[in-house]
Amino acid sequence: WGHPCEMCPAQPHPCRRGFIPNIRTGACQDVDECQAIPGICQGGNCINTVGSFECKCPAGHKFNEVTQKCDDIDECSTIPGICDGGECSNTVSSYFCKCPPGFYTAPDGLKCIDVRPGFCFSTLSNGRCGNQLPQPLSKMQCCCDSGRCWASAPATAPEMCPIRSTDEYRKLCTVAAVLPARPPDLPPARPDVIPPPLIPGVYPPPHPEIIYPSRAPPPHVILPVNLTDYCQTFRHLCRNGRCIPTPGSYRCECNKGFQLHGSEECIDIDECERNPCIGGDCVNTQGSYICQCRVGYQSTATRTECR
């Protein structure tokens, strides 16, 4: 106020941020920001918490702190090496890859799979590749089975296959599961058993499905993959849980503090939604939560309660 500026006296506010005095009793009560602030959390799901709120954005979106809305993530410009060898197109909540000749789009549209036939070597000693196999194989067929080196043409120097259990190996050898819609004449599947993933080149699929032009199978035949244990073949299944093989398929058992989302991913349960921290603030963690206790309260050994 005034010139030069003079600070106004502090307003005595009886409640801390996120709380408001009750008109009748004067006691501090929580503000439901989801109801009180118009347009908050647009594009997502607003959840009121004690003294604050939380925005749950759908997959492929992130919360914008400034606008307090859920914005679409442009995966094409944020994920390094996306659509390796192809062209990335952003879509709302996702993206898809347009692949060059010699590559084909993975069943989920999210990566380019190299199906160019090349030369596979089954041995590697002292940095030299040997024992060239007679049949032409793609890099995926060679390296994801028993091959140690692969060359795209006879004159080119062979490259080493990625080592198992590395990110590079997973990137090459993980084929995303496709779960086609079940026709009405088939009996309903057991809910805890997921149909097996389709492997490119293992034809025919269990029942007819639409194949989009960008996702058409490669022109030459890929050798069938013999699958007995999906949990061994697809190491990415059941993240944050345990993969249990079933005859011809698999099911997921989630770790404590996680719940099944879709068919092959366990997502964290937000325990804070049930306000477990009386006398403190709840902070959600992966698979659990902790209570940050207020003055006059003491945390228990597990940090899940304030006394």
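Residues numbered from 1 in each chain as written. Predicted model: local features only at pLDDT ≥ 70, side-chain atom pairs only at ≥ 80, totals over all residues. Heavy atoms only, no water.

Below, the discussion takes up the UniProt feature "domain: EGF-like" (unreviewed entry) in the chain. Per the UniProt annotation, the sites labelled "domain: EGF-like" (unreviewed entry) are residues 30–71, 72–113, 227–264 and 268–305. Counted over residues 268–305, helix gives 0% and strand 34%. Its end C-alpha atoms are 19 Å apart. (UniProt positions renumbered as here; feature names shortened; annotations may be inferred. Helix = DSSP H or I, 4+ residues; strand = E, 2+ residues; numbered from the N terminus.)

Looking at the chain, the pLDDT average stands at 77 and 80% of residues meet or exceed 70. Predicted confidence for residues 176–226 stays below pLDDT 50, and this span has 69 contacts to residues more than four positions away or in other chains. (pLDDT = per-residue confidence, 0-100. Contact = heavy atoms within 4.5 Å.)

This part takes up the sheet that holds strand E12 (residues 128–132). Overall, antiparallel pairing links the four strands, which are arranged E12-E11-E13-E14 in an open sheet. The sheet terminates laterally at E12 and strand E14 (159–160), the two strands that pair on one side only. Sheet topology places strand E11 (residues 119–125) next to strand E13 (residues 149–151); three bridges connect them, and they run antiparallel. Considered in E13, the bridge of Cys120 is made with Trp150. (Pairing = 2+ DSSP bridges.)

Bringing unusual backbone geometry into the picture now. Cis geometry marks the peptide bond from His3 to Pro4; its omega dihedral reads 0°. Even without glycine at this site, Asn126 takes up a positive phi of about 50°. Here Asn126 shows up in the loop between E11 and E12. At Ser165, a residue that is not glycine, the phi angle is positive and equals roughly 70°. Positionally, Ser165 belongs in the loop between E14 and helix H4 (167–173).

Turning next to the nonpolar core. Core analysis: the biggest nonpolar cluster contains 14 residues, and Ile113, Cys142, Cys143 and Leu172 have the highest contact counts within it. At the level of secondary structure, the elements contributing two or more residues to this core comprise helix H3 (139–143) and H4. Among all residues touching Cys142, those that are not within four sequence positions of it are Cys120, Phe121, Leu137, Gly147, Cys149, Trp150 and Cys161. Among the nonpolar cores identified, the runner-up in size contains seven residues, and Tyr230, Leu237, Cys238 and Cys252 belong to it. (Core = buried A, V, L, I, M, F, W, Y, C linked by side-chain atoms within 4.5 Å. Buried < 20%, exposed > 50% of the residue type's maximum accessible area, 1.4 Å probe, protein only.)

Attention now moves to the state of the cysteines. Per the stated rule, a full pass over the model turns up 16 disulfides. Cys129 shares a disulfide with Cys149; S-S distance 2.1 Å. Where Cys129 bonds to Cys149 through sulfur, the torsion about that S-S bond is close to -80°, and the disulfide is left-handed. Taken together, the residues Cys129 in strand E12 and Cys149 in strand E13 connect sequence positions 20 residues apart. With relative accessibility at 26%, the residue Cys129 sits in the partly exposed group. For Cys149, a relative accessible area of 0% puts it in the buried group. (Disulfide = S-S within 2.5 Å.)

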